[in-house]
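Descriptive analysis of the structure
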Amino acid sequence: MKHADLACFDATPRLNRRSRRRLGIAALLLGMLVPAVNADPTPGQSSAIRVKAAFLRNFARYVTWPEPASPSVDRPWCIAVLGPDPFGEVLETSVKDRSEQGHAFEIVRAERTVDLPICHIVFVAYTDIALRHAALAELKRKPVLTVGDAEDFIADGGVIRFKVDERVGMTINLDQARAVSLTIQTKLLEVSNEILINGNFRRVR
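Residues numbered from 1 in each chain as written. Predicted model: local features only at pLDDT ≥ 70, side-chain atom pairs only at ≥ 80, totals over all residues. Heavy atoms only, no water.

Observations regarding the sheet that holds strand β6 (residues 160-164)
Strand order in the open sheet formed by eight strands is β3-β2-β4-β5-β6-β7-β9-β10, with mixed pairing between adjacent strands. Only two strands of the sheet have a single neighbouring strand rather than two, namely β3 (105-110) and β10 (200-203). If you compare each strand with its neighbour and ignore which way they point, the axes differ by 20 degrees on average. In this sheet, strand β5 (residues 145-148) lies alongside strand β4 (residues 121-124) in parallel orientation, the contact comprising three bridges. In the sheet register, Phe 123 faces β5, and the bridge partner there is Val 147. Against the sheet, helix α3 (residues 47-62) touches β2 (77-82), β3, β4, β5, β6 and β7 (168-173), its axis set at about 150 degrees to β6. Helix α5 (residues 129-139) contacts β2, β4 and β5 of the sheet and is inclined by roughly 165 degrees relative to β4. (Pairing = 2+ DSSP bridges. Helix = DSSP H or I, 4+ residues; strand = E, 2+ residues; numbered from the N terminus. Axes fitted to C-alpha atoms, helices over the stretch in contact; angles between N-to-C directions. Contact = heavy atoms within 4.5 Å.)

Focus on the pairing of β7
Residues in a regular strand point their side chains to alternate faces of the sheet. Among the six residues of β7, six are classified as buried, and the element is accordingly described as predominantly covered. The alternating pattern of β7 places Val 168, Met 170 and Ile 172 on one face and Gly 169, Thr 171 and Asn 173 on the opposite face, and all of these are buried. Remark: three residues form the turn of the hairpin made by β6 and β7, two consecutive strands paired antiparallel. Both β7 and strand β9 (residues 194-197) contribute to a ladder of three bridges, which runs parallel. Of the residues in β9, the one forming a bridge with Asn 173 is Leu 196. (Buried < 20%, exposed > 50% of the residue type's maximum accessible area, 1.4 Å probe, protein only.)

What to know about the nonpolar core
Counting residues in hydrophobic clusters, the biggest one holds 44 residues, and the most contacted among them are Phe 59, Leu 145, Ile 160 and Leu 188. If you tally residues by element for this core, the top one is α3, at nine residues. For Ile 160, the contacting residues outside a window of four places in its chain are Phe 59, Leu 145, Thr 146, Val 147, Gly 148, Phe 153, Ile 154, Met 170, Thr 171, Ile 172 and Leu 188. Membership of the second largest hydrophobic core comes to 16 residues, among which are Ala 80, Cys 119, Tyr 126 and Leu 139. (Core = buried A, V, L, I, M, F, W, Y, C linked by side-chain atoms within 4.5 Å.)

Observations concerning unusual backbone geometry
Positive phi values are uncommon outside glycine, yet Asp 97 reaches one of about 60 degrees. Structurally, Asp 97 is set in the loop between α4 (90-95) and β3. Phi angles above zero are rare outside glycine, and Ser 181 is one such case at about 65 degrees. With respect to the helices and strands, Ser 181 occurs in the loop between α6 (174-179) and β8 (183-184).

Side note on the packing of aromatic side chains
One pass over the full model with this rule turns up six aromatic pairs. A ring pair is formed by Phe 55 and Phe 162, whose centres lie 5.8 Å apart and whose planes are at 55 degrees; its orientation type is tilted. Here Phe 55, found in helix α3, pairs with Phe 162, found in strand β6; they are 107 residues apart in sequence, far enough to count as distant. An aromatic cluster of three or more residues is present, and its members are Phe 55, Phe 59, Phe 87, Phe 123 and Phe 162. (Phe/Tyr/Trp six-rings, centres within 6.5 Å; stacked < 30°, edge-to-face > 60°.)

What to know about α3
For α3, which comprises 16 residues, the first-to-last C-alpha distance of 23 Å matches the rise-based estimate of 22 Å (1.5 Å per residue) to within 8%. Summarising burial for α3: 13 of the 16 residues are buried, a large majority. (Expected span 1.5 Å × (residues − 1).)

Next up, the structure:
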């Protein structure tokens, strides 16, 4: 990995690198989970759904979109769910009365990519492999942060794949992010498990 890609990795003393990274991970994940505190899902909704909803909202803090794709003065952050919605009301609850960089959040849902408005973050919820592949093929040409949890999500061109079970894990496709001029902060890169960069996977933790 080039020095500029994860500069703080090289700037951190080797003796304290592991302990500092653990503290950073804890702090970042705690900040990401704050929106989930007010979420009160029905008994059938798992804590994993709340965690995913919280992450979607907080990605707006750790990713920078190119102009003119970033929110304007009167434009909210748009988070879309593409395909079968796993969130229910939890996603709306997680962003209610919240803002990021002075912009509120708007939640939209669509069954097809053609029905999507201009969005910043798209959670691709298709379980059908062909539909997911086609959607990512379309979206990876746009300045959109695509997020999903399918095993082949990164291979299909998604930007962030997360896995939520006993732990929260993330794989980040930095190659795809760069291809559409998305800038992912080092803080987020540091707490990922793997990063795809220059065609190769780098294990982070």
